[in-house]
Amino acid sequence: MACPPFDSSHPEWRDWRWQMRHRIHTAEELSRWIHLTDEERRAIEATRGVFRWNITPYYASLMDPEDPNCPIRRQVVPRLEELAPDLIGVMDPLEEVAHSPVKNLIHNYQDRVAFCVTSECAIYCRYCLRKRMVGDATFMMRKAELQAAIDYIAAHPEIRDVLLTGGDPLTLSETHLAWILDRLRAIPHVEIIRIGTRMPVKLPYRITPELCRLLERYHPLWINTHFNHPKELTPDAAEAIDRLLRAGIPVGNQTVLLRGINDDVATMKALCEGLVRMRVRPYYLYQAQLIGGTAHFRTPIEKGMAIMRALQGRTTGFAIPKYVLDTPYGKVPLDGSYVRGRAGDYVIVETPRGVLWAEPNPIPPDEALPFRLPEIPWPDAVDTIDVEQPLHTGAH
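Residues numbered from 1 in each chain as written. Predicted model: local features only at pLDDT ≥ 70, side-chain atom pairs only at ≥ 80, totals over all residues. Heavy atoms only, no water.

Turning our eyes to something else, we now look at the sheet that holds strand E12 (residues 356-360). Judged by pairing direction, the sheet is mixed, and its 4 strands sit side by side in the order E10-E11-E12-E13 without closing on themselves. The sheet is open, and its two edges are formed by strand E10 (339-343) and strand E13 (383-384), each paired on a single side. Relative to E13, E12 runs parallel, the two being bridged by 2 bridges. From the neighbouring strand, Trp-357 faces E13, where its bridge partner is Asp-383. (Pairing = 2+ DSSP bridges. Helix = DSSP H or I, 4+ residues; strand = E, 2+ residues; numbered from the N terminus.)

Shown next as structure tokens:
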């Protein structure tokens, strides 16, 4: 059995900067935490030039050292499936770059922007939406680039809601955060500031009293975090959440539906009810994105819909997140109001902007589903994403 080099008894364990300095990023280091399989060793080497990996000691301590299918381990340790043929090869399925008027500022909704203030994260999730940029120094923001984005926001009075994202904004120091937040709060039409961060999950010690004192100066300020599995709901995570709440910061959660990690009713129910006990509102359940090298994480949309149906009436209403598909035309609720049906290997949805979108979503041959969407003809006017291998469209 692996013998971790550090544990919670280490005198600096709760120092978030110490955790960042001691992140695990080699097979040799990781083998001191878990019993690495031969496949994991090969994957670490084979994916070296594809996507970085880093794991904080705290998050590593949550992994089962003997089980390669541990839901924590699978989220962060490279796997050979990342290099398997995929139906998609793009790294920007939501066309965020096309919606970026200045570097790292995404203006896809009229009244909202996503401001990627850094490309750094404490860990690198293998299914990450922004694999194209996280960990890449070319996406780090110089002060002049940050100011250009802030100037754009100031020049567009329709923008009322600014989401700070990345990377993870809370990898920045309090000084850097204050510089950004001061300037955003000086813009009269910016009503809401949101921060998207996974720090309560992967490095809860970042949520310090000093950070909370800083953030509470900028209300109304909201935080959305990203718990995917009940094993992440630790006492340390609960302490971090409590500190944010006591600073008057509402906390929501965005989960990604991940094959073999949380794609069953019992796990999702335990996660959502555990979040509510921590006073975190389950906000979104995302269908995993069409990012190259993530096919092993994606589920049939019917599976997510079935989970939502099973939760309805079986737990507290506000413990049930909204199941959504993110598209270049905005988020689409995956329910009867927007889902038209299945055209072969595609699920056809109507986006809130009235555009039909065909999401490539083949059902694996061995997948047993509790129900299947009705088959419909391929629509005359529908947008979709280019795929690298032919898929059945259901067209006649």
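Let us now look at the pattern of salt bridges. Using the criterion set out here, one finds 30 salt bridges in the structure. A salt bridge links Glu-239 to Arg-14, with the shortest nitrogen-to-oxygen separation between them at 2.7 Å. Linking Glu-239 in helix H10 (residues 235-246) with Arg-14 in the segment before helix H1 (16-21), this pair joins segments that are 225 residues apart in sequence. The closest approach of N and O atoms between Arg-160 and Glu-191, which form a salt bridge, is 3.3 Å. Placement of the pair is Arg-160 in the loop between helix H6 (143-154) and strand E3 (161-165) and Glu-191 in the loop between helix H7 (174-185) and strand E4 (192-196), with a sequence separation of 31 residues. Given a relative accessible area of 26%, Arg-160 falls into the partly exposed group. For Glu-191, a relative accessible area of 45% puts it in the partly exposed group. Residues participating in the shared-partner salt-bridge network are Arg-14, Asp-236, Glu-239 and Arg-243. (Salt bridge = Lys/Arg side-chain N within 4 Å of Asp/Glu carboxyl O. Buried < 20%, exposed > 50% of the residue type's maximum accessible area, 1.4 Å probe, protein only.)

Here we take up the side chain of Arg-194. Note that Arg-194 resides in strand E4. Among the polar contacts made by the side chain of Arg-194, one reaches the side chain of Asp-161 at a distance of 3.0 Å. Ignoring anything within four residues of it in the chain, the contact list for Arg-194 reads Arg-112, Asp-161, Val-162, Leu-163, Leu-164, Trp-222, Asn-224 and Tyr-283. (Polar contact = N/O pair within 3.5 Å; in protein donor to acceptor, adjacent residues only side chain to side chain. Contact = heavy atoms within 4.5 Å.)

The next subject is the sheet that holds strand E1 (residues 105-109). Across the sheet, which stays open at both edges, the 9 strands sit in the order E1-E2-E3-E4-E5-E6-E7-E8-E9 with mixed pairing between neighbours. Whereas interior strands pair on both sides, the edge strands pair on one side only; in this sheet they are E1 and strand E9 (330-333). Neighbour-to-neighbour, the strand axes of this sheet turn through a mean angle of 30 degrees, independent of strand direction. Both strand E7 (residues 281-287) and strand E8 (residues 322-327) contribute to a ladder of 3 bridges, which runs parallel. When the sheet's bridge partners are listed, Tyr-286 is paired in E8 with Val-324. (Axes fitted to C-alpha atoms, helices over the stretch in contact; angles between N-to-C directions.)

Moving on: the packing of H6 against H7. Packing of H6 against H7 leaves a shortest axis separation of 10 Å and a crossing angle of 20 degrees. Here H6 lies roughly parallel to H7, going by the angle between them. The handedness of the crossing between H6 and H7 is right-handed. In this structure, H6 contributes Lys-143, Leu-146, Gln-147, Ile-150 and Ile-153 to the contact, and H7 contributes Trp-179, Ile-180, Arg-183 and Leu-184. (Parallel < 35°, antiparallel > 145°, perpendicular 65-115°, else oblique. Left-handed = near helix turned anticlockwise from the far one by under 90°.)

Below, the discussion takes up the pairing of E10. Within E10, 4 of the 5 residues are buried, leaving the element largely enclosed by the surrounding structure. Pairing of E10 with strand E11 (residues 346-350) involves 4 bridges; the strand directions are antiparallel. Across the sheet, the residue bridging to Arg-342 is Val-347, located in E11. In sequence, E10 turns back onto E11 through a hairpin of 2 residues, with Gly-344 there showing a positive phi of about 65 degrees.

We now examine the packing of aromatic side chains. Per the counting criterion, the structure on display carries 9 aromatic pairs. A ring pair is formed by Phe-6 and Trp-18, whose centres lie 4.9 Å apart and whose planes are at 80 degrees; its orientation type is edge-to-face. Note that Phe-6 is positioned in the segment before H1 and Trp-18 in helix H1, a separation of 12 residues in sequence. Each residue in the set Phe-6, Trp-13 and Trp-18 is aromatic and connected to the rest through ring pairs, giving one cluster. Seen from the ring of Trp-16, Arg-206 lies directly overhead, with NZ or CZ sitting 4.0 Å from the centre. Taking NZ or CZ as reference, Arg-353 lies 5.5 Å from the ring centre of Tyr-109, over its face. (Phe/Tyr/Trp six-rings, centres within 6.5 Å; stacked < 30°, edge-to-face > 60°. Lys NZ or Arg CZ within 6 Å of the ring centre and 35° of its normal.)

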